[in-house]
Structures are given as structure tokens and as C-alpha cells.
Amino acid sequence: MVTLIIGGSGSGKSAYAEDYLCRKTGNSPKYYIATMKASDKETVERIEKHRNMRKDKCFITIERPVNIAGAEVDNKTTSYALLECMSNLVANEMFSDIEPKSSTTVVEKIVKDIEVLASKLEYLVIVSNNIFEDGIEYDRYSEEYIEALGLINQKLSDMADEVIEVVVGIPVRIR
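The written sequence of each chain sets the order in which its residues are numbered from 1. Predicted model: local features are reported for residues with pLDDT of at least 70 only, side-chain atom pairs are reported and counted for 80 or more only, and whole-chain, interface and lining totals are derived from all residues. Side-chain descriptors were evaluated using all non-hydrogen atoms of the structure, hydrogens and water having been removed beforehand.

Trainee: Help me out: how do you make sense of the overall build of the chain in this one?
Mentor: Regarding its fold elements, the chain presents five helices and seven strands. Taken along its principal axes, the extent of the C-alpha atoms in the chain is 45 × 35 × 35 Å. Counting all 175 residues of the chain, 46% fall into the buried class. Counted over contacts in the chain with a minimum sequence separation of 6, partners at least 24 positions apart contribute 75%. Carbon and sulfur atoms form 50% of the exposed surface of the chain, whose accessible area is close to 9,100 Å². Here the chain contributes 22 positively and 29 negatively charged side chains, and the mean placements of these two sets differ by 6 Å. Runs of E in the DSSP output that reach at least two residues are strands. Runs of H or I that reach at least four are helices, and both are numbered from the N terminus. Relative accessibility decides the category of a residue: with a 1.4 Å probe and only protein chains considered, values under 20% of the type maximum give buried, values over 50% give exposed, and everything between is partly exposed. We call two residues contacting when some pair of their heavy atoms lies within 4.5 Å. Reported accessibility uses the Shrake-Rupley method at a 1.4 Å probe radius. Residues are deemed covered only where the shown protein chains occlude them. The positive count covers Lys and Arg only, the negative count covers Asp and Glu only, and His and the chain ends enter neither. Note on charges: their place is set at NZ of Lys, CZ of Arg, CG of Asp or CD of Glu.

Structure representation (C-alpha cells):
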């Protein structure tokens, strides 16, 4: 089963996703597949904040900024995972080389990787960002990134059994 949880920056989507999976699994062990790279002081602080949020929630953290299909999930340990989050994964995959990869290449790779990861698990919760409503014009690479994330969100919503948007901390069930 796949659940997609989406929301804007600071919407409460991460806290909701963690609590959601904990309600489903109780004190069973579960994976937290973290995609954020610790590249500066701000990201280090955000990573620490998220680690503190999930403290005492029985998460086994897997740091996986790219190639999530290769995440080492052991079904004997647990069959539940939270993937946090798509916006970081898309950026990491798209901008990992000297030249950015095309949105088409990134979408195909990430969707395939998620299908592989989901096939290893009984339950996968995916967190993604809604970054599509600001109306700002961006440079070519930022536009390509936004396009890739939007297409991935659409494909994930097709794949998902359940889609929930978190708005100001309130979950709104879409499907």
C-alpha cells in the first residue's frame, strides 16, 4: 500500500506523515528513508529537527539522498517505511552531476525507483511538497525542477492507494 502526503512548506506534512505511519504500525519498527543532504548550517538544523521529531517513534533511519531503489530494507526487520521527501530527492537526482539532468530522465528514474522500493514493503508513506502556487517566474533549471516534481507527484498520486494534503496542519483526504 502507498500513501502520498503532500503539503506546502511548513504545512505540518512531515509531522502528520510520521504520526500517520505510527498510528498504522504502533510500536513496530519502521524505516525512515531520509533524502536531505546536510550541505549547510540550515539543512543540518532541519535534519536535527526531524530527527528529534521522530525520536522514540521506532524509526530506523536510512540516509538515501539518491537511488532510493537501492535502500537496504530488510523485510525481516520491518515492512513499513516513510520516504521524506520528494522535493529533496528530485533536486538531488536532477543536480547531482555537473550538468542538470532533464525532467524526463529524473521523472522516469524516480518513479521506477519508487516502484522498486514499494515492491519491497507492505506499506510506504511518501511525503512531497506543493510548490506550484507562487506564480513566480524562475530560471530554466528551476522550471525544469518544478516540472519534474509536478509530474512525479501526479504519477505518485496515480500509484497511491491514498492521497492526503496537509493544509495548515489539517489533513485533507483527496483519495
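Trainee: Before we go on, may I ask you to explain the environment of tyrosine 141 in this structure?
Mentor: Tracing the backbone through its elements, the reader meets tyrosine 141 in helix 5 (residues 140–159). What makes tyrosine 141 partly exposed here is its relative accessible area of 33%. As for tyrosine 141 and threonine 3, which are separated by 138 residues in sequence, their C-alpha atoms are 29 Å apart. Not counting the four nearest positions on each side in its chain, tyrosine 141 is found in contact with Met94, Phe95, Glu99 and Pro100.

Trainee: I'm lost on a nonpolar patch on the surface in this one. Help?
Mentor: Residues qualify for a patch when their relative accessible area is over 30% and they have no salt bridge, like charges being joined within 9 Å and the nonpolar side chains of Val, Leu, Ile, Met, Phe, Trp and Tyr within 5 Å. For salt bridges, the criterion is a side-chain nitrogen of Lys or Arg within 4 Å of an Asp or Glu carboxyl oxygen. Together, Val167, Val168, Ile170 and Val172 make up an exposed nonpolar region whose accessible area comes to about 350 Å². Counting through the fold element by element, valine 167 comes out in strand 6 (residues 162–167).

Trainee: Before we go on, may I ask you to explain the pattern of salt bridges in this structure?
Mentor: Once the charged atoms of two side chains with opposite charge are near each other, the side chains can pair. The final tally for this structure, using the stated rule, is eight salt bridges. Notably, a salt bridge pairs glutamate 93 with lysine 109, separated by 3.4 Å at the nearest N-O pair. Separated by 16 residues along the polypeptide, glutamate 93 in helix 3 (residues 86–94) and lysine 109 in helix 4 (residues 103–119) bring together distant segments of the chain. On the basis of relative accessible area, glutamate 93 is assigned to the buried category, the value being 4%. When its relative accessible area of 25% is taken as the criterion, lysine 109 is described as partly exposed. Put simply, lysine 101 and aspartate 97 hold a salt bridge, and the shortest N to O gap is 3.3 Å. One connected set of salt bridges, linked through shared partners, spans Glu18, Asp19 and Lys57.

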